Amino acid sequence: MNTINSSLRTKTVNGIKEIFICKENNLPVQKEQFTEMEDQVETIVDVILKNKEMMLNMVDLKVFDDYTYFHSVNVAVLSIGLGTAMGLDKADLCNLGFGALLHDIGKVFVPKDILHKQGPLTDNEFTEMKKHSYLGFEYLASEYVGSVGAQAGILDHHEKFSGGGYPNNAKGEKISLYGRIISIADVYDALTSDRPYRNGLLPSEAVEYIMGGTGNLFDPDLVSVFIRKIAPYPIGTPVKLSNGLVGVVTDNFESFCMRPNIRIVKNGDYEVTPFDICLADRKAFNITIVDYAK
C-alpha cells in the first residue's frame, strides 16, 4: 500500500508544476497558488499522521520530463514521514512539508542550459547551480511565503553535517532541522530516480549510501530514524534474489528495512510452489535483493 494515493500525488504535482512554470516564464505566482500548496501539504500530513505506524512505501512513477515535480512531492512525503517519526507536531510537519515541496524552487533562476545539461558541469556552471538554494530562500522570503523554518529548510538542504556544503558551509546543528531532514529525503529520491543520463540505484543501494554518509553528509540521529521508517521495497514489489529465486515482498520490518519477507514464486524462469524466505532471518543473511523482477 502506498502512503499517498495517486490522486493526491497528482494534484500536488500539478500545483508545484504551475508555480515553477509561472516563474520560468516571468509570470507572477498568485498567493492563492501557494495557499493551495499549503492545503495539499496539510492533507499529506493528515494522511501520514493517520498511518504513522506504517513504514514509508516510496515506489513511485519516475517520469523524465516531470522529474522535478514528482521529485519535489516525493521529497515532501519522505520529509513529513521522517518528521512524524521524530514526533514533530502538525504545525511543524506542515511547515517542513511546505519547505520540502519547494526545496528546489530556486532552480527556476538558474540558466536553463546549465539546469538541463546532460554531461558533467564545469566548475563555473556548478558555481551557478549551487546558487539555487539561496535563490529559492531569497525568493520566498521576499514574497513573505512560507514560515521562517520552511525558508531555512530550503536554504540549508545542501549543507553537509560535517561542513563543506553550500551556501553557508554550516555544520551540525547550525544547519536547520528542516534542512537536515530535507537533505536526506532529497538525496534518497534523487538516487533512486531514473534520469536520461543514468538509471536509478536500487532502493537498498540508496539506503546504503545514506548510511555511509552518516556523520559526514547527514545527521546520524536522523539517519537512524530514516532507516527504521523507509520501506525500500514496499509490499507487492517483485524482486530477484542473489540465489536466483524470484518473489514478491509480503512484509517489511522496521529494524531490517532492506531485508523484507519474500514470497518465492519462481526459480529462475520456472514457477515453483510458493514458499517464504525472510531475509531478516539469520539463516538468510547470505541472500540479498539484486534487482526488481519483471
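Our subject is the structure that appears above.
Residues numbered from 1 in each chain as written. Predicted model: local features only at pLDDT ≥ 70, side-chain atom pairs only at ≥ 80, totals over all residues. Heavy atoms only, no water.

(A) Structural context of the overall build of the chain. Of regular secondary structure, the chain possesses eleven helices and seven strands. Relative to the compact-globule value of 19 Å for 294 residues, the chain shows a C-alpha radius of gyration of 20 Å, a close match. Over its C-alpha atoms, taken along the principal directions, the chain stretches across nearly 60 × 45 × 35 Å. Looking at the 294 residues of the chain, the share that counts as buried comes to 48%. Computed over 29 positive and 38 negative side-chain charges, the separation of the two mean positions in the chain equals 4 Å. (Helix = DSSP H or I, 4+ residues; strand = E, 2+ residues; numbered from the N terminus. Rg over C-alpha atoms; globule rule 2.2 N^0.38 Å. Buried < 20%, exposed > 50% of the residue type's maximum accessible area, 1.4 Å probe, protein only. Lys, Arg positive; Asp, Glu negative; His and termini not counted. Charge placed at Lys NZ, Arg CZ, Asp CG, Glu CD.)

(B) Spatial organisation of the pattern of salt bridges. Applying the stated rule across the entire model yields eight salt bridges. In this structure, Asp 46 engages Lys 90 in a salt bridge whose closest nitrogen and oxygen atoms are separated by 2.9 Å. Of this pair, Asp 46 sits in helix H2 (residues 31-50) while Lys 90 sits in helix H4 (residues 90-101); the two residues are 44 residues apart in sequence, bridging distant segments of the chain. Classification of Asp 46 as partly exposed rests on a relative accessible area of 35%. Between Glu 128 and Lys 131 there is a salt bridge, with the nearest N and O atoms lying 2.9 Å from each other. Residue Glu 128 is classed as partly exposed on the basis of its relative accessible area of 29%. Residue Lys 131 is classed as partly exposed on the basis of its relative accessible area, which comes to 38%. Salt bridges sharing partners connect three or more residues here, namely Glu 42, Asp 46 and Lys 90. (Salt bridge = Lys/Arg side-chain N within 4 Å of Asp/Glu carboxyl O.)

(C) Structural context of the nonpolar core. Of all hydrophobic cores here, the largest spans 60 residues; its most connected members are Phe 34, Leu 102, Ile 184, Tyr 188, Phe 226 and Ile 230. Looking at which element gives the most residues to this core, the answer is helix H3 (residues 67-85), with nine residues. Listed in part, the 13 residues of the second largest apolar core include Ile 264, Leu 279, Ala 284 and Ile 289. (Core = buried A, V, L, I, M, F, W, Y, C linked by side-chain atoms within 4.5 Å.)

(D) Main features of the sheet that holds strand S4 (residues 245-251). With respect to topology, five strands assemble into an open sheet ordered S6-S5-S4-S3-S7, the strand pairing being antiparallel. Both edges of this open sheet fall to strand S6 (270-278) and strand S7 (289-292), since each of them pairs with a single strand only. Averaged over all adjacent pairs, the angle separating strand axes in this sheet is 35°, with direction ignored. Note that S4 and strand S5 (residues 261-267) share six bridges and pair antiparallel. Paired with Val 246 across the bridge in S5 is Lys 266. (Pairing = 2+ DSSP bridges. Axes fitted to C-alpha atoms, helices over the stretch in contact; angles between N-to-C directions.)

(E) View of unusual backbone geometry. Across the junction of Tyr 166 and Pro 167, the peptide omega takes the value 10°, indicating a cis bond. In this structure, Pro 167 sits in the loop between helix H8 (148-156) and helix H9 (177-192). The residue Asn 26 is not glycine, and still its phi comes out positive at about 55°. In this fold, Asn 26 is placed in the loop between helix H1 (6-24) and H2. Here Asn 26 falls in the exposed class, since its relative accessible area comes to 69%.

(F) Region of the structure containing empty space enclosed by the protein. The final tally for this structure, using the stated rule, is three cavities of 30 Å³ or more. Roughly 60 Å³ of volume is contained in the largest cavity. Lining the largest cavity are ten residues, and of these Ile 48, Lys 52, Met 54, Leu 56 and Lys 229 lie nearest its centre. Looking at which element gives the most residues to the lining of the largest cavity, the answer is H3, with three residues. Put simply, the second largest cavity is a space of about 40 Å³. Glu 159, Phe 161, Ile 175, Gly 179, Arg 180, Ser 183, Leu 217, Phe 218 and Asp 219 together form the lining of the second largest cavity. Within the lining of the second largest cavity, the residues separate by chemical class into four nonpolar, two polar and three charged. (1 Å grid on protein atoms, 1.4 Å probe; cavity = no way out; pocket = protein on both sides within 12 Å on 5 of 7 lines; lining within 4 Å. Points joined across faces, edges and corners; volume = space filled by probe spheres on them. Nonpolar A, V, L, I, M, F, W, Y, C, P; charged D, E, K, R; others polar.)

(G) A look at the state of the cysteines. Under the defined criterion, the tally for this structure stands at zero disulfides. Left unpaired, Cys 257 is separated from the closest cysteine sulfur, that of Cys 278, by 13 Å. (Disulfide = S-S within 2.5 Å.)

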